[in-house]
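# Reading the structure
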Amino acid sequence: MTNLLLDLPPLSAARFASIEDRVARLLGTGQDVLITQGEALLPLEGAIRAAAGPGTTALNVITGPYGQTFGDWLRDCGATVIDLTVPFHTAVTAEQVRDAFAEHPEIDFVSLVHAEAATGNTNPVAAIGEVVREHGALFYLDAVASVGAEPVLPDAWGVDLCVIGAQKAMGGPAGVSAVSVSERAWARMAANPHAPRRSYLSLLDWKERWIDGGRKALLHAPAQLEMLALEACVERIEAEGLEAVMARHASAAAATRAGVLALGGGIAPYVRDAADAAPVATTLRAPDGTTASELVARALAADPELPLAAGGGALAREMIRVNHYGPEATRGTVRACLAALATALTDVGVPVDLAAGLAAAERSWA
């Protein structure tokens, strides 16, 4: 039996390298870009374990659950970790980072999530990058949720390790991811005796055997279907234009926020300041006396395909996520989600004005 997805010629090293080059252009970076053969947790953990260890003093910014995970990895590596935690309904500021350096001048590694899809906030990476550069620390950035929804510029922002995934705003596969690596980061890894080697987590193995070898021979059989899907995803972004893709996400976020506010009934954006809200997804606070997970279940009863979800863990009681990313960053998605939420709220006795919500959303679509 044959199948178009199975009977494919092997992916060549040249084609693999060409996909890496297209991802690098998407990021506007001259740094080395590695496409890693796994979901973004692979390079996120691999980069931390390669660049941090005993003797590292890390400033770990926590604006959501991923920041908490990075702190755990850093401690497991033997690093001294200084957590900078801000409420999940806001964003960290460059001044807070500057204050942390003033209190702990020994900081030599900074870990930050650009956009937290789980909590709906986004952080001012450009301003934070200026502070990090002033102090000479290595800058590690999780841009998995932000790439494609808002600018991600590793070189301009002084980011040494920038990890992206294609499964959110890029509208691509989850099975492969990428990391851009500066020369400073490679040097830090090479000097770290605890950096993973001969391991699936090892970035240094890829550098020495793939990049330094002129990208002529792959280390192992690549995830072929995922690589082809990533290639198609980047082609689609190139055809639409990255600026247009980001504009769709910004419009979807603005329309969702405006529509929810106009609905009334006590439902409101979870991230209070629009400037702190991520364009990849909009989080909402359920009205008093309701439960977010129940409202989401009611909203999905009529259309299970809507990109709605309750918050994770303890946030399931109070947070609703509208995941308007990738192909879902459209007027139709925003309207359908507002209508479903309005129905759910009405079902539990919360009066709302759907017509006002839809009108506000339409006016806000840039």
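Data block above holds the structure.
The structure reproduced in this document is the subject of the present report. Nothing here was measured: the structure is a model prediction, and the numbers come from that model. (Residues numbered from 1 in each chain as written. Predicted model: local features only at pLDDT ≥ 70, side-chain atom pairs only at ≥ 80, totals over all residues. Heavy atoms only, no water.)

## Comments concerning the overall build of the protein
Summing up its helical and strand segments, the protein has 13 helices and 13 strands in all. Whereas a compact globule of 366 residues would reach a radius of gyration of roughly 21 Å, the protein reaches 21 Å, a difference of no more than 12%. Here the protein holds 366 residues, and the buried ones make up 56% of them. Within the protein, contacts between residues at least 6 apart in sequence are counted, and of these 69% link residues at least 24 apart. Of the side chains in the protein, 27 bear a positive and 42 a negative charge, and the two mean positions are spaced by 2 Å. (Helix = DSSP H or I, 4+ residues; strand = E, 2+ residues; numbered from the N terminus. Rg over C-alpha atoms; globule rule 2.2 N^0.38 Å. Buried < 20%, exposed > 50% of the residue type's maximum accessible area, 1.4 Å probe, protein only. Contact = heavy atoms within 4.5 Å. Lys, Arg positive; Asp, Glu negative; His and termini not counted. Charge placed at Lys NZ, Arg CZ, Asp CG, Glu CD.)

## Brief notes about the environment of histidine 249
For histidine 249, the location among the structural elements is in helix H10 (residues 242-263). The contacts of histidine 249, once residues within four sequence positions are left out, are Gly148, Ala149, Ala169, Pro279, Val280, His324, Tyr325, Gly326 and Ala329.

## Looking at the nonpolar core
Ranked by size, the top nonpolar core spans 82 residues in total, and within it Leu161, Met170 and Met189 carry the most contacts. With 8 residues, the top contributor of residues to this core is helix H1 (residues 13-27). Those residues in contact with methionine 170, other than ones at most four positions away along the chain, are Leu26, Val147, Ile164, Gly165, Leu230, Cys233, Val234, Arg236 and Ile237. In terms of nonpolar packing, the next biggest core, distinct from the first, is built from 29 residues, Ala292, Ala299, Val322 and Trp365 among them. (Core = buried A, V, L, I, M, F, W, Y, C linked by side-chain atoms within 4.5 Å.)

## A look at the sheet that holds strand E13 (residues 319-322)
Taken in spatial order, the 4 strands of this open sheet run E10-E11-E13-E12, and their pairing is antiparallel. Single-partner strands in this sheet number two, and they are strand E10 (268-269) and strand E12 (308-310). The sheet contact formed by strand E11 (residues 282-285) and E13 spans 4 bridges and is antiparallel. Within the sheet, the bridge partner assigned to threonine 282 lies in E13 and is valine 322. Strands in contact with helix H11 (residues 292-302) are E12 and E13; relative to E12, the strand with the most contacts, it is inclined by about 155°. Across the sheet, helix H12 (residues 331-347) touches E11, E12 and E13, and the angle it forms with E12 is around 50°. (Pairing = 2+ DSSP bridges. Axes fitted to C-alpha atoms, helices over the stretch in contact; angles between N-to-C directions.)

## Observations regarding helix H3 (residues 65-76)
Taking 1.5 Å of rise per residue, the 12 residues of H3 would be expected to cover 16 Å, and the 17 Å separating its terminal C-alpha atoms lies within 8% of that figure. Residues of H3 that are buried include every one of Gly67, Phe70, Gly71, Trp73 and Leu74, and no others. Seen from one end, H3 has its buried residues packed into an arc of 165°, which puts them on one side. Exposed and oriented more than 90 degrees from the buried face of H3 are Asp72 and Asp76. Of the surrounding elements, those touching the buried residues of H3 are helix H2 (41-51), strand E2 (57-62), strand E3 (80-85), strand E4 (109-113), strand E5 (115-116) and strand E7 (138-142). Positive backbone phi, approximately 95°, marks glycine 78, located one or two places after H3. (Expected span 1.5 Å × (residues − 1). Arc of directions from axis to C-beta.)

## Thoughts on the pattern of salt bridges
When charged atoms on two side chains of opposite charge get close, those side chains can pair. Overall, the coordinates contain 18 salt bridges when judged by the stated rule. In this structure, lysine 207 and aspartate 212 form a salt bridge, with 2.9 Å as the shortest nitrogen-oxygen distance. On the basis of relative accessibility, which here comes to 17%, the residue lysine 207 falls in the buried class. Since its relative accessible area comes to 49%, aspartate 212 is described here as partly exposed. (Salt bridge = Lys/Arg side-chain N within 4 Å of Asp/Glu carboxyl O.)

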